[in-house]
Amino acid sequence: MPEPDDDLFDFPCAFPLKVMGLADAALVQAVLEIVRVHVPDFDTATIEQRFSSAGKYLSLTCTINATSREQLDALYRELSSHPLVKIVL
């Protein structure tokens, strides 16, 4: 029996993934490396960066072509476990 959440997405689909952490160039590099592992065709030129008003935090939005729930779950787990990442939405 499918899980109730399986109906939320019609794969493949464009999926915006927001990652937040301290403003550090290493955060951008780490996020890009992790996303590329799970989404080899990710276009790095599409990443959006936004600093907090005080400039202490950085928000990165990566819109990926999601192919499955398993892909999203693995990506979320790996990003969430990285020491530079504070929040993944």
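Let me begin by describing the structure that accompanies this report. Here the structure is a predicted model, which is why all the values come from computation and not from measurement.

Basis of the calculations
- Residues numbered from 1 in each chain as written.
- Predicted model: local features only at pLDDT ≥ 70, side-chain atom pairs only at ≥ 80, totals over all residues.
- Heavy atoms only, no water.
- Helix = DSSP H or I, 4+ residues; strand = E, 2+ residues; numbered from the N terminus.
- Polar contact = N/O pair within 3.5 Å; in protein donor to acceptor, adjacent residues only side chain to side chain.
- 1 Å grid on protein atoms, 1.4 Å probe; cavity = no way out; pocket = protein on both sides within 12 Å on 5 of 7 lines; lining within 4 Å.
- Points joined across faces, edges and corners; volume = space filled by probe spheres on them.
- Pairing = 2+ DSSP bridges.
- Axes fitted to C-alpha atoms, helices over the stretch in contact; angles between N-to-C directions.

A word on the environment of Gln 71. Position of Gln 71 relative to the elements: it lies in helix 2 (residues 69–81). Sequence spacing of Gln 71 and Val 39 is 32 residues, and the spatial spacing of their C-alpha atoms is 8.4 Å. Among the polar contacts listed, one links the side chain of Gln 71 to the backbone nitrogen of Thr 67, at a separation of 2.6 Å.

Looking now at the layout of surface pockets. Taking a probe equal in size to a water molecule and rolling it over the atoms shows the remaining empty space. Roughly 160 Å³ of internal volume is contained in the largest pocket. Taken together, Phe 9, Phe 15, Leu 17, Arg 69, Leu 72, Asp 73, Leu 75, Tyr 76 and Leu 89 make up the lining of the largest pocket. If you list the elements that add at least two residues to the lining of the largest pocket, you get strand 1 (13–22) and helix 2. No other element matches the 5 residues that helix 2 contributes to the lining of the largest pocket.

Turning next to the sheet that holds strand 3 (residues 57–66). Taken in spatial order, the 4 strands line up as 2-3-1-4 in an open sheet, and their pairing is antiparallel. The open sheet has two edge strands, strand 2 (48–51) and strand 4 (85–88), and neither has a second partner. Across the sheet, the mean angle separating the axes of adjacent strands is 25 degrees when strand polarity is ignored. Relative to strand 3, strand 2 runs antiparallel, the two being bridged by 4 bridges. Bridge pairing in strand 3 places Phe 51 opposite Leu 58.

Function cannot be inferred from these measures alone, as they are strictly geometric.
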